[in-house]
2 protein chains.
Amino acid sequence: MDTSIPILAANYTSMYHTHALQDRIADGLADLGIPEHPANLYDPVRYMLQIGGKRIRPLLTLMAADLFSITDMWRAVPAALAVELFHNFSLVHDDIMDHAPLRRGHRTVHEKWDSNVGILSGDNLLIMAYAQLAKCPTDCLPAILDTFNTMAAQVCEGQQLDMDFERATAVSIDEYLRMIRLKTSVLLGAALKMGALLAGATDTGAQLIYDFGVDVGIAFQLQDDILDVYADPKQFGKQRGGDILANKKTYLLLKALEMADTATRSKLDGWLADHSEPSEKINRVTAIYDALGIRAEVETAKQRYVERAYTALDAIPVDISRKAPLRELAHALLSRGQ
Amino acid sequence: MDTSIPILAANYTSMYHTHALQDRIADGLADLGIPEHPANLYDPVRYMLQIGGKRIRPLLTLMAADLFSITDMWRAVPAALAVELFHNFSLVHDDIMDHAPLRRGHRTVHEKWDSNVGILSGDNLLIMAYAQLAKCPTDCLPAILDTFNTMAAQVCEGQQLDMDFERATAVSIDEYLRMIRLKTSVLLGAALKMGALLAGATDTGAQLIYDFGVDVGIAFQLQDDILDVYADPKQFGKQRGGDILANKKTYLLLKALEMADTATRSKLDGWLADHSEPSEKINRVTAIYDALGIRAEVETAKQRYVERAYTALDAIPVDISRKAPLRELAHALLSRGQ
């Protein structure tokens, strides 16, 4: 029998495998104790949590807790679950507002039930998120709540701006970047920051991991805009050109509108007003993007955020070896479809 | 100059005038610092808070804090504001679900804007409620969050049951009482309990004031059911018989269905299916209620809850003089239209 004890530096805390953290999240979600009745309130909650998703956001919370050497990973699990519950709340309500029929390849809650069920079960998911936050260690609770509440209000603001932009005649690139930052990126930042706070990170450390998350989020969204037009549909799993057909004001379209000369602008406006030939519309708008060199423009913008993200990660005052899992996850997220 | 100091018992803490507490709530609401942009998110929030309401629920929080001799009333103001913000969140979302055109005599948010604006600004009101809770003193925060989260989930359950009952063929009196308890009464109980917790009340004291609030709430709702049919419209300010026209499953209708013999039941069912003559429907259903003695039945049920409420209040281990303001408020609420 080997009784030797591995010799470690005094300040070294061993890290978790990502799979072990994912298991904690899966166990935590399975263990929420969602009531059976009223069925029309809680069945949709269960449904949303069962149709899955990759659970990236709660994983970020636990990975950040691990980065800052949390002494007891159980301290961070409720916050991670709160992040996932909040994400599902926002999906249920956004899908109603956007009239989306499908989510993760399944019928959305308001389609499978109705809008009222979507509103109320969404509300309940948000309340369930706060019920998890209430389980966070008391010493961290005010900071956790502040981080979460600020994020939650910003996500609502982002969703409102996204809806406002649909009806707006002109949206600037800066306004667009602000919108995606609020609607999707601050949640990644807050998920990470909450893990850091629970691990007792310094203010500087918590801010840096937040910045890393926000910048990864913006880069990810810009990549999503690119993939809509330039991805291999077999790899990406979505129909190419959906944003073009919907006249969605993506970074690509806004940049094209900004760069186009009068003749090109007039052609582009023509295609925006035309809904007669879907595949021709996609091809013609893509051709305009190609002629203007839009893809390279967006790649450059994306790369700027990727670099800012890694600069923030590099600056975090912990051993470089602890940063490897987050760096790998970010790399995987930001290399989709390539 | 009179320099005499009033001689008080050592353990006596002077009480606040109700008006002084109401002023704190008004100041707190005026001071929320609601952002200007995005206007479609925050204008409806401001609108809901400006069209008023009597602010009974936040007043209950401060009155309970006063009952238990809170040392610094400012400790309780954020929780009181959270209660009012939560109440407004639930009104905005319920009004969408119930297709209500008016609230407090003004157009509802989803009517004045649209459903999407109602969903998202409602979400924001809920998040704003939690932002206030985060300001509660840290030593009370876990208990406050538990009380609030339990209440919030129950209010959603109550709203779901209310919607389920609209489509249900048979609803028992017990199911109805459970629904109104969840939908409207636990908020009064929780509002009071939060004030008690912030004042350092014992578990017993906090539970008793909670029970008082819940029973006052149920009695109030039963009174509301009575007033729909039997109030003087000039005093009540609502059209008489609205519940009858909507076939609303109130305590009156459920009791009538329970008590009616076969012939009466058949007449009642006939009127429920008839929408041709509004005023005749109201008069005929009222006549059935009168013949069955329904009003007295509901008054008796109401009185049972009123008595239970005062029994709980009486049992609270503080000086009887401190209970006078809450007793007066409950009396005023439970004597409307009489």
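Residues numbered from 1 in each chain as written. Chains lettered and ligands numbered in written order. Predicted model: local features only at pLDDT ≥ 70, side-chain atom pairs only at ≥ 80, totals over all residues. Heavy atoms only, no water.

Student: I tried to follow the overall build of chain A on my own but got confused; where do I start?
Tutor: Each helix and strand in chain A was counted, giving 16 helices and 2 strands. Here the C-alpha atoms of chain A give a radius of gyration of 22 Å, agreeing with the 20 Å that 2.2 N^0.38 yields for 338 residues. Oriented by its inertia axes, the alpha-carbon framework of chain A measures out at about 75 × 50 × 40 Å. Per-residue burial over chain A gives 56% buried out of 338 residues. (Helix = DSSP H or I, 4+ residues; strand = E, 2+ residues; numbered from the N terminus. Rg over C-alpha atoms; globule rule 2.2 N^0.38 Å. Buried < 20%, exposed > 50% of the residue type's maximum accessible area, 1.4 Å probe, protein only.)

Student: Just to check I follow, could you spell out the relation of the copies chain A and chain B for this structure?
Tutor: The pair of chain copies shares a relation made of a rotation about an axis and a shift along it. For the pair chain A and chain B, the relating rotation is 180°, the translation along its axis is 0.0 Å, and the fit reaches an RMSD of 0.0 Å. Those values place the two copies in the arrangement expected of a two-fold rotation axis. Comparing interface residues between copies, 100% of those in chain A also lie at the interface in chain B; the contact surface is shared. (Least-squares fit on C-alpha atoms with pLDDT ≥ 70 in both. Contact = heavy atoms within 4.5 Å.)

Student: Would you mind showing me how to read the packing of helix 4 (residues 77-97) of chain B against helix 7 (residues 141-167) of chain B here?
Tutor: Packed helices, taken two at a time, are described by the angle between their axes plus the distance between the axes. Residues and elements named next belong to chain B. Across the interface, helix 4 lies against helix 7 with an axial gap of 12 Å and an inter-helix angle of 20°. By the angle class used here, helix 4 and helix 7 are roughly parallel. Helix 4 and helix 7 meet at a crossing whose hand is right-handed. Facing helix 4, whose interface residues are Ala-82, Phe-86, Ser-90, Asp-94 and Met-97, helix 7 presents Phe-148, Met-151, Ala-152, Val-155, Gln-159 and Met-163. (Axes fitted to C-alpha atoms, helices over the stretch in contact; angles between N-to-C directions. Parallel < 35°, antiparallel > 145°, perpendicular 65-115°, else oblique. Left-handed = near helix turned anticlockwise from the far one by under 90°.)

Student: Would you explain the pattern of salt bridges in this entry?
Tutor: Side-chain pairing between opposite charges can occur once the charged atoms of the two side chains come close. Residues and elements named next belong to chain A. In total, this model carries 30 salt bridges over all chains according to the counting rule given. With a closest N to O distance of 2.7 Å, Arg-336 and Asp-224 form a salt bridge. Of this pair, Arg-336 sits in the segment after helix 16 (324-333) while Asp-224 sits in helix 9 (residues 203-230), and the two are 112 residues apart along the sequence. With a closest N to O distance of 3.7 Å, Arg-295 and Glu-299 form a salt bridge. A residue pair is termed a helical-turn pair when its members lie 3 or 4 positions apart in one helix, as Arg-295 and Glu-299 do in helix 15 (residues 294-315) at 4 residues. The exposure class of Arg-295 is partly exposed, given its relative accessible area of 37%. (Salt bridge = Lys/Arg side-chain N within 4 Å of Asp/Glu carboxyl O.)

Student: Can you walk me through the packing of aromatic side chains in this structure?
Tutor: Two descriptors summarise a pair of aromatic rings, namely the distance from one centre to the other and the angle between the planes of the rings. In this structure the tally under the stated criterion is 11 aromatic pairs over all chains. On the numbers, 5.5 Å between centres and 80° between planes, the contact of Phe-86 of chain A with Phe-148 of chain A is edge-to-face. Taken together, the residues Phe-86 of chain A in helix 4 (residues 77-97) and Phe-148 of chain A in helix 7 (residues 141-167) connect sequence positions 62 residues apart. The ring of Trp-74 of chain A has Arg-24 of chain A lying over it, and the distance from NZ or CZ to the ring centre is 4.0 Å. Seen from the ring of Tyr-210 of chain B, Lys-193 of chain B lies directly overhead, with NZ or CZ sitting 5.8 Å from the centre. (Phe/Tyr/Trp six-rings, centres within 6.5 Å; stacked < 30°, edge-to-face > 60°. Lys NZ or Arg CZ within 6 Å of the ring centre and 35° of its normal.)

Student: Any chance you could explain the interface of chain A and chain B here in plain terms?
Tutor: When the parts of a complex come together, some accessible area is lost, and that lost area is often taken as the interface size. Tallying the contact residues gives 35 residues for chain A and 35 residues for chain B. Looking at the side of chain A facing chain B, the largest losses of area belong to Leu-120, Ile-127 and Gln-160 of chain A, adding up to 18% of the total buried there. Our count for the chain A to chain B interface comes out at 0 salt bridges. Looking at the side of chain A that touches chain B, the elements that each hand over two or more residues are helix 2 (39-50), helix 4, helix 6 (115-133) and helix 7 of chain A. With 15 residues, helix 7 of chain A is the largest single contributor of residues to the side of chain A that touches chain B. Of the residues assigned to the side of chain A that touches chain B, the class counts are 21 nonpolar, 8 polar and 6 charged. (Buried area = accessible area lost by both parts, 1.4 Å probe. Nonpolar A, V, L, I, M, F, W, Y, C, P; charged D, E, K, R; others polar.)

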